[in-house]
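# Structural overview for review
These are the residues of each chain, in order.
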Amino acid sequence: MKDPRVEPSGVRRAASAQPDQEPALPRRGFVILWVSVCLNMVGFGLILPVLPFHAERFGASPAVVTMLAASFSVAQLFAAPVLGRLGDRIGRRPILLISIAGACASMTMLALADGLGLLFAARLLSGSSAANAPTAQAYVAACVRPSERARALGRIGAATGVGFVLGPALGGLLSTPAWPSLPFVVAAILAGINFIVAFVWLPEAPRTAAPARPSPAGPRSASLTGWVLMVFGIVAAFAAMESTFALLVEQRHGWGPGETGMVFALVGVVIVLSQAVIVGRVAAWLGDLAAMRLVLGLLAAGLACIGLAPGWLGATVGACLVALGNGLSSPTLHAMISRRSTPSRRGADFGLVSSAGSLGRILGPLAAGLVFESLGPGAPSLLGAGVVLALASVTFAMRDS
């Protein structure tokens, strides 16, 4: 006899239908999703160390190189909510496949580029199709109980972190004057493999029509707006520090690319560990809202340490504190936002969150550059610490759900 709890997609529903319980995510589906996100970020990170030099081969000035970097976030800013809504309507799996195919096409365009025009077109396409991470988060949120979302989303975030650690290192190894396009070719191949794996083995996320319980913090739209603004502030503060850290340690401590690269590798490792191991325990121990206050405290302390530390050790410790706070912030925020969303709108809401992050990555470095030049090397991090402390004060007017 056919088990009535098994849907045609092969996803087993829980026997006891609790109001806040979602269908369970098959283990195979989670593994394939993790691999997909990781491969996508490996390909993205792989080109980061070589893209500026590749652009210089076509006569790009430093200003044009920064515009090329910003074009990705600009495209993502507008495309993420659209793809999120489409995911709500047609399913998460098709959007994931579209995003992976877009990454493959953009890497191929970079490999074949013969001028700046094609480079910009490739980066705009890459940003427009960069729905892999937010769609994966919506996929997981659709399949995991609210009490377990921070842990599950942390593991997906760890896939991003692992890819970000491996990608730049691999890009540096593959960079060669004899074949300058090799990193882009490898990134395109990885994206192609990623597409095949996801197309063959990734199941569709289960659908549910059960409405999410109203948040006691107030109407969904007002509550969600506050958390989206929180995402913007955190990402802007982190991006401001990230974009000026190399300049700060160069001026204060005489560091070069080697020392700075080692610190950023350490930052990547801390982010991976925080998302894979720590975030679930912290959320279960403190609850989402108290965990968010801890996150903001770590970020503020780390940014202040970077801005004020006279020696290299203080800057390194500050960078690790910022990495720990940043690693914990994304899954915690997405878990809280998912509880204030509804299953039929999660993709759109996570797309809005992605857009807020993109805007932070655009405006944060721009503000940091102006503040760095006018007030000094430690000013961007100190300004970021102030922003984070202001966000932390706002959370004391909120209630957990």
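The rules we used
- Throughout this document, residue positions are counted from 1 along each chain, in the order its sequence is written.
- Residue-level local features of this predicted model are given only where pLDDT is at least 70; pairs of side-chain atoms are given and counted only at 80 or more, and the full residue set underlies all totals for whole chains, interfaces and linings.
- Hydrogens and water are ignored here; the side-chain numbers use all heavy atoms of the structure.
- Starting at the N terminus, helices and strands are each numbered in turn, a helix being any DSSP run of H or I of at least four residues and a strand any DSSP run of E of at least two.
- Any residue under 20% of the maximum accessible area for its type is buried, any over 50% is exposed, and the rest in between are partly exposed; the area is computed with a 1.4 Å probe on protein chains only.
- Only heavy atoms matter for contacts: two residues are in contact if any of them lie within 4.5 Å across the pair.
- Exposure was quantified through the Shrake-Rupley algorithm and a 1.4 Å probe, taking into account, for residues, occlusion by the shown protein chains and nothing else.
- Within 6.5 Å between ring centres, the rings of Phe, Tyr and Trp (the latter by its six-membered ring) count as paired, and their orientation is classed by plane angle as stacked under 30 degrees, edge-to-face over 60, tilted in between.
- Placement of a charge over a ring requires the Lys NZ or Arg CZ to be within 6 Å of the ring centre, with the centre-to-atom vector within 35 degrees of the ring normal.
- Only C-alpha atoms enter the line fits that serve as axes; for helices the fit covers just the stretch in contact. Angles between N-to-C directions range over 0 to 180 degrees.
- For this classification, under 35 degrees means roughly parallel, over 145 means roughly antiparallel, 65 to 115 means roughly perpendicular, and everything else is oblique.
- In a left-handed crossing the near helix is turned counterclockwise from the far helix by less than a right angle, and in a right-handed crossing that turn is clockwise.
- Classification convention: Asp, Glu, Lys, Arg as charged; Ala, Val, Leu, Ile, Met, Phe, Trp, Tyr, Cys, Pro as nonpolar; all other residues, Gly among them, as polar.
- Pairs of cysteine sulfur atoms within 2.5 Å are what we label disulfides.
- pLDDT is a per-residue confidence score from the predictor, ranging from 0 to 100.
- Two N or O atoms form a polar contact when they lie within 3.5 Å of each other; inside protein one atom must be a possible hydrogen donor and the other a possible acceptor, and for residues adjacent in sequence the pair counts only when both atoms belong to side chains.

### With respect to the overall build of the protein
Looking only at helices and strands, one finds 14 helices and zero strands in the protein. In the protein, the succession of helices and strands from N to C terminus is α-α-α-α-α-α-α-α-α-α-α-α-α-α. Each of the 401 residues in the protein was classed as buried or not, and the buried ones make up 51%. Residue pairs in contact within the protein that sit at least 24 positions apart in sequence constitute 83% of those at least 6 positions apart. With an accessible surface of roughly 17300 Å², the protein has 70% of that area assigned to carbon and sulfur atoms.

### Comments concerning the packing of aromatic side chains
Tallied over the full model, the rule gives one aromatic pair. The residue whose ring lies beneath Arg93 is Phe199, and the NZ or CZ to ring-centre distance is 5.5 Å. Over the ring of Phe396 we find Arg293; its NZ or CZ atom is 4.5 Å from the centre of that ring.

### Observations regarding the packing of helix α4 (residues 92–112) against helix α8 (residues 182–201)
Direction vectors running N to C along α4 and α8 enclose 160°, while the axes themselves pass 8 Å from each other. Considered as vectors, α4 and α8 are oriented roughly antiparallel to each other. For α4 against α8, the interelement crossing comes out left-handed. Counted together, Arg93, Leu97, Ile100, Ala101, Ala103, Cys104, Met107, Thr108, Leu110 and Ala111 of α4 and Phe184, Val185, Ala187, Ala188, Ala191, Gly192, Asn194, Phe195, Ala198, Phe199 and Val200 of α8 form the full contact between these two elements. Residue composition of the contact of α4 with α8, grouped by class: 17 nonpolar, three polar and one charged.

### So, the packing of helix α13 (residues 346–375) against helix α14 (residues 379–395)
Packing of α13 against α14 brings their axes to within 8 Å, and their N-to-C directions diverge by 120°. Comparing their axes, α14 and α13 come out oblique. When α13 is examined against α14, the residues Ala368, Val371, Phe372 and Leu375 are found in contact with a partner set consisting of Ala379, Pro380 and Leu383. Of the residues assigned to the contact of α13 with α14, the class counts are seven nonpolar, no polar and no charged.

### Here we look at the environment of Ala69
Along the chain, Ala69 falls in helix α3 (residues 62–90). Sequence separation between Ala69 and Leu51 is 18 residues; the distance between their C-alpha atoms is 8.8 Å.

### Here we look at the side chain of Arg123
Mapped onto the elements of the fold, Arg123 is located in helix α5 (residues 116–128). Judged by relative accessible area, Arg123 falls into the buried class, the value being 3%. When neighbours within four sequence positions are excluded, Arg123 is seen to be in contact with Phe44, Ile47, Leu51, Leu68, Ser71 and Phe72.

### Examining the environment of Arg361
Within the fold, Arg361 resides in helix α13. Note on Arg361: relative accessible area 38%, which makes it partly exposed. Between the alpha carbons of Arg361 and Phe232 there is a distance of 8.5 Å; along the sequence they are 129 residues apart. Ignoring anything within four residues of it in the chain, the contact list for Arg361 reads Ser73, Gln76, Val235, Ala239 and Ser354.

### Some remarks on the state of the cysteines
Applying the stated criterion across every chain, the model contains zero disulfides. Here Cys305 stays free of any disulfide, with the sulfur of Cys320 as its closest cysteine sulfur at 10.0 Å.

### Here we look at the environment of Phe238
Position of Phe238 relative to the elements: it lies in helix α9 (residues 220–253). In this structure, the C-alpha to C-alpha distance between Phe238 and Asn326, residues 88 residues apart in sequence, is 7.7 Å. Those residues within four positions of Phe238 in sequence are excluded, and the remaining contacts are Val322 and Asn326.

### Description of the confidence of the model for the protein
Caution applies to low-pLDDT parts of the model: their predicted coordinates are not meant to be read in detail. Of all residues in the protein, 86% have pLDDT values of 70 or greater, and the mean over the chain is 79. The spread of mean pLDDT over the elements of the protein runs between helix α6 (residues 132–141), the lowest at 75, and α4, the highest at 92. The low-confidence segment residues 1–23 (pLDDT under 50) makes 35 contacts with residues lying over four places distant or belonging to another chain. Counting contacts from residues 209–219, a segment whose pLDDT is below 50, to residues more than four positions away or on other chains yields 16 contacts.

### Overview of the side chain of Gln76
Within the secondary structure layout, Gln76 lies in helix α3. Its relative accessible area of 7% is what places Gln76 among the buried residues. Side chain to side chain, Gln76 and Arg361 meet in a polar contact 3.3 Å long. Those residues in contact with Gln76, other than ones at most four positions away along the chain, are Pro81, Gly127, Ser128, Ala130, Ser354, Ser355, Ser358 and Arg361.

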